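# Observations on chain architecture
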Amino acid sequence: MLPWVVRRTRLPLLSLRCVDCGSESATTGKGRFRVNANGKQLHVWLLVRCVSCNRTIKLAVHERAPVSSFDPAELDRYHANDPALVAATLLDPLFARRNRFALDWAGAWRLDAPPASPVEAWPVRVEVVFEDPVPVRPERLIAQGLGLSRNEVLRRIKCDIPLRRTTSAGFTFTVMAGD
Ligand SMILES: [Zn+2]
């Protein structure tokens with residue numbers, strides 16, 4: 001079985017409309033949180049920037065949450081703008097839904113696909129693992145990984161999931177010998 005890995009190369013952009021300039025793209029940049037205490041309540045925002053006019057947009061991570069509900073180590077990570085926490089927050093589908101943005105993965109990921117060894121006997125089995133939830137169309141990913149045309153993919157690939165439906169969950173497929 002050949003292992004293929006889909007992983008991000010940077011944080012994806014956010015498709016999010018700027019109220020100032022109408023641009024639809026924002027970036028986390030290096031990743032910054034803002035934490036505000038109000039009595040016994042805490043607000044936490046992830047700060048992102050419009051890529052065109054630089055306006056800062058605040059996206060709520062926690063709103064009016066009791067201070068006592070936070071693990072002190074977690075609070076430290078917000079204060080330190082912990083990059084892993086920035087990534088986990090940005091990639092959390094609930095956070096995206098609440099703040100009404102979609103992720104723009106264009107140019108933010110890569111496929112690591114080791115070439116099949118020439119002595120490998122057909123058919124070849126490949127397992128695709130997602131290290132990050134990048135939405136891909138299996139048909140396009142396989143065409144790219146094997147250097148095949150889309151027609152060849154449809155002819156030579158056996159796969160237990162629909163090849164044209166976008167997914168970010170791992171799957172396996174089999175490449176049949178060409179003619
Ligand atoms: Zn703007």
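Residues numbered from 1 in each chain as written. Predicted model: local features only at pLDDT ≥ 70, side-chain atom pairs only at ≥ 80, totals over all residues. Heavy atoms only, no water.

## Considerations on helix H1 (residues 72-79)
One side-chain oxygen of the residue at the start of H1 lies 3.1 Å from the amide nitrogen of alanine 73, identifying that residue as aspartate 71. In the segment just after H1, asparagine 81 is the residue with positive phi, at about 50 degrees. (Polar contact = N/O pair within 3.5 Å; in protein donor to acceptor, adjacent residues only side chain to side chain. Helix = DSSP H or I, 4+ residues; strand = E, 2+ residues; numbered from the N terminus.)

## What to know about a positive patch on the surface
Together, Arg32, Arg34, Arg49 and Lys58 make up a positively charged patch on the protein surface. Topologically, arginine 34 is positioned in strand E3 (residues 25-38). (Patch = residues over 30% accessible without salt bridge, like charges linked within 9 Å, V, L, I, M, F, W, Y side chains within 5 Å. Areas by Shrake-Rupley, 256 points an atom, 1.4 Å probe, with all protein chains shown as cover. Salt bridge = Lys/Arg side-chain N within 4 Å of Asp/Glu carboxyl O. Lys, Arg positive; Asp, Glu negative; His and termini not counted. Charge placed at Lys NZ, Arg CZ, Asp CG, Glu CD.)

## Topic: the coordination of the zinc ion
Only Cys18 (SG), Cys21 (SG), Cys50 (SG) and Cys53 (SG) from the protein reach the zinc ion as donors, at distances of 2.3 to 2.4 Å. Geometry at the zinc ion is tetrahedral, judged from the four donor atoms that bind it and their angles of 103 to 115 degrees at the metal. Taken in sequence order, the residues that donate to the zinc ion follow the motif C-x2-C-x28-C-x2-C. Taken as a pair, cysteine 18 in the loop between strand E2 (13-15) and E3 and cysteine 53 in the loop between strand E4 (41-50) and strand E5 (56-66) lie far apart in primary sequence, 35 residues in all. Under the relative-accessibility criterion, cysteine 18 is labelled buried at 2%. (Donors = N, O, S within 2.8 Å, 3.2 Å for Na, K, Ca; no water. Tetrahedral: all angles 85-135°; square planar, octahedral: opposite > 155°, others 65-115°. Buried < 20%, exposed > 50% of the residue type's maximum accessible area, 1.4 Å probe, protein only.)

## Some points on unusual backbone geometry
Backbone geometry places asparagine 54, a non-glycine residue, at a positive phi of 75 degrees. Summarising the element assignment, asparagine 54 is placed in the loop between E4 and E5. For arginine 64, which is not glycine, the phi dihedral falls at a positive 45 degrees.

## What about the side chain of threonine 174?
For threonine 174, the location among the structural elements is in strand E10 (residues 171-175). A polar side-chain atom of threonine 174 sits 3.4 Å from a polar atom in the side chain of arginine 125. Leaving out residues up to four positions away in the same chain, threonine 174 has contacts with Pro123, Val124, Arg125, Arg156, Ile157 and Lys158. (Contact = heavy atoms within 4.5 Å.)

## With respect to the sheet that holds strand E7 (residues 109-112)
As summarised here, the arrangement of the five strands in space is E7-E1-E8-E10-E9, forming an open sheet in which the pairing is mixed. For this open sheet the edge positions go to E7 and strand E9 (157-159), each flanked by a neighbour on one side alone. For this sheet the average axis-to-axis angle between neighbouring strands, irrespective of direction, equals 20 degrees. Relative to strand E8 (residues 124-130), strand E1 (residues 2-8) is paired through five bridges, and the arrangement is parallel. Note that in E8 the partner of valine 6 across the bridge is phenylalanine 130. Contacts between helix H4 (residues 138-146) and the sheet are confined to E1, E7, E8, E9 and E10, with E10 contributing the most and set at about 55 degrees to the helix. (Pairing = 2+ DSSP bridges. Axes fitted to C-alpha atoms, helices over the stretch in contact; angles between N-to-C directions.)

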